[in-house]
Amino acid sequence: MTQQKQIIQEIDKFVTEMMNVKEEEKKVRKHLTQLDERINKLEKISLQPPDGMENNHFWKDFKKGLDGFSRRIKQLIEKYQKDKIVLDAYAGQLVVLVYGMVKAGKSDLGNFMAGVPIKQLKKEGLLKEPSLYDKIDISIEVWKDGEKQIEKEFMEFEEDAVEATNRIQVFRLGGLTWVDTPGTGSMTKENAKIAQEFTDNADLIIFLTSSENPLREQDIEEIKQLHFKEKPWLIVISKSDTTDEDEVDGKIVTKRVAKSSKDRKDQEDYVLETIKEKELNQHLQNTKAISISVALAKDSLKTGDYKLFQDSNIPLFYKKLRETIKKCDKIGNLNGNIKSLIKTVLEGDGSKNISLLQLKNNLKELEEKIKEISKEVEEETKEEPKTVEVES
């Protein structure tokens, strides 16, 4: 196996996991649809009383129970409509909001996550290995002034310093929703409303700061403007690479390499310590820091250097996203809600509201009463009619 193939397999593994999350979401959607269909059928039931039972109190009690059960189910379904609305856009999705100052590398990271470097290298003939990105159609949503301006095939995030700062750019990769946001200082009032909707449903806030000068005063001020107290944060120290000189065939060659483990740890510790010193803890909860280099990851794809890909720390970044998915467990929570709904329908909720189990027992009792009455009628019809003599 070539090293280039190893790199692609590592990337494809993450893509597969994101697609699997999407498949799990589809299963949940299917369960909800089936539940709705069954409830709708139940609500449309119009039972006609058996002959001779119109005024029987057993029939009236059963019909009353059925009507009450239908109303109760309708109330429960309406209660879960909000969850279903959220499901349409976010449930089952890992929603990641990406913040950072201009030139911090937000668009570069977003493009890598969307597979842009792989597609570009294939066009240039520098990458032959097949990838899952070859088979996936990714679309991009661009929001400007509070409105969706365009939704088209994803090519790449705009990196222009002016254009990219006044718009929100979104792409979805299976179960991953990636939201590239402008800084708070350049976000319009209209875009702020859209960003808030994403924020309310976000599972992870990523803040990028450049390794050239991590967590500058501007970064700190930006973080102070972001009030996401209940959201987990990941501080990504981008561009964590440097240059090294080596002699090849008697010539000095400059190449890009990862910063040393010590330098990376020092910067990560500095960032976390600064957060404490600047009392940013009130803005950041469960904060972690990681150093990455998208440039090294792209270089590794070109050269087929698997170690270089590991040095980029992109595999570790994937791991952080996986941990977030596991921790928030949106699919598990949604499944729990559905099971709770079904249990309430079947067994009741402890109140006086009738359950399906009670309804079933009532129906059984009604059937037994119908049999009893039918038997009485049948016995009466079997009795010999009396002969009446008529005087002549």
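Everything numeric in this text was worked out from a predicted model, so none of it was measured.

Visitor: Looking at this structure, how should I read the overall build of the protein?
Guide: A tally of regular secondary structure across the protein gives 13 helices and 10 strands. Buried residues in the protein amount to 43% of all 392 residues. Contacts in the protein between residues at least 24 apart in sequence constitute 73% of all its contacts with a sequence separation of at least 6. Accessible surface, the protein as shown: approximately 22800 Å² in total, 48% of it carbon and sulfur.

Visitor: Which parts of the structure should I look at to understand the nonpolar core?
Guide: Within soluble globular proteins, side chains that are nonpolar tend to cluster in buried spots. Counting 44 residues, the largest nonpolar core has Ile 11, Met 113, Trp 178, Ile 206 and Phe 317 as its most contacted members. Ranked by residues supplied to this core, first place goes to helix α1 (residues 3–43) with six residues. Not counting chain neighbours up to four residues away, the residues in contact with Ile 11 comprise Phe 112, Ile 118, Tyr 133, Leu 301, Phe 309 and Tyr 318. Formed by 24 residues, the second largest nonpolar core is a distinct cluster that contains Tyr 99, Ala 202, Leu 226 and Trp 233.

Visitor: So what exactly am I meant to see when it comes to helix α11 (residues 314–328) here?
Guide: A turn of α-helix holds 3.6 residues, and therefore any two residues three or four places apart point the same way. Given a rise of 1.5 Å per residue, 15 residues ought to cover 21 Å, and the 21 Å separating the end C-alpha atoms of α11 matches this to within 8%. Ile 314, Pro 315, Phe 317, Tyr 318, Leu 321 and Thr 324 are the residues of α11 that are buried.

Visitor: I tried to follow the pattern of salt bridges on my own but got confused; where do I start?
Guide: A pair can form between side chains of opposite charge whenever their charged atoms are brought close. Using the criterion set out here, one finds 11 salt bridges in the structure. Residues Lys 224 and Glu 221 are paired through a salt bridge, measuring 3.7 Å at the closest nitrogen-oxygen approach. Of the two residues, Lys 224 and Glu 221 are both situated in helix α7 (residues 217–225); the distance of three residues between them amounts to about one turn of the helix. Overall, the relative accessible area of 31% leaves Lys 224 in the partly exposed class.

Visitor: Can you help me understand the pairing of strand β5 (residues 176–180) in this one?
Guide: The two faces of the sheet receive side chains in turn, since in a regular strand these alternate between them. The element β5 is largely enclosed, with a buried count of five among its five residues. Side chains Leu 176, Trp 178 and Asp 180 project from β5 onto one buried face, and the interleaved Thr 177 and Val 179 project onto a second face that is buried too. The pairing of strand β1 (residues 94–100) with β5 spans five bridges and is parallel. The partner of Val 98 across the bridge, within β5, is Asp 180. Pairing of strand β4 (residues 168–173) with β5, which is carried by five bridges, proceeds in the antiparallel orientation. Bridging from a neighbouring strand, Phe 171 pairs with Trp 178 of β5. What sits between β4 and β5 in their antiparallel hairpin is a turn of two residues, with Gly 174 showing a positive phi close to 60°.

Visitor: Just to check I follow, could you spell out the packing of aromatic side chains for this structure?
Guide: We describe a pair of aromatic rings using the distance from one ring centre to the other and the angle between the two ring planes. Under the counting rule described, the total for this entry stands at three aromatic pairs. A centroid spacing of 4.3 Å and a plane angle of 10° characterise the contact between Phe 14 and Tyr 318, whose relative ring orientation is stacked. Separated by 304 residues along the polypeptide, Phe 14 in helix α1 and Tyr 318 in helix α11 bring together distant segments of the chain. Residue classification places Phe 14 among the buried residues on the basis of a relative accessible area of 0%. Judged by centre distance (6.4 Å) and plane angle (70°), the ring pair of Trp 178 and Phe 317 falls under edge-to-face.

Conventions we followed
- Residues numbered from 1 in each chain as written.
- Predicted model: local features only at pLDDT ≥ 70, side-chain atom pairs only at ≥ 80, totals over all residues.
- Heavy atoms only, no water.
- Helix = DSSP H or I, 4+ residues; strand = E, 2+ residues; numbered from the N terminus.
- Buried < 20%, exposed > 50% of the residue type's maximum accessible area, 1.4 Å probe, protein only.
- Contact = heavy atoms within 4.5 Å.
- Areas by Shrake-Rupley, 256 points an atom, 1.4 Å probe, with all protein chains shown as cover.
- Core = buried A, V, L, I, M, F, W, Y, C linked by side-chain atoms within 4.5 Å.
- Expected span 1.5 Å × (residues − 1).
- Salt bridge = Lys/Arg side-chain N within 4 Å of Asp/Glu carboxyl O.
- Pairing = 2+ DSSP bridges.
- Phe/Tyr/Trp six-rings, centres within 6.5 Å; stacked < 30°, edge-to-face > 60°.

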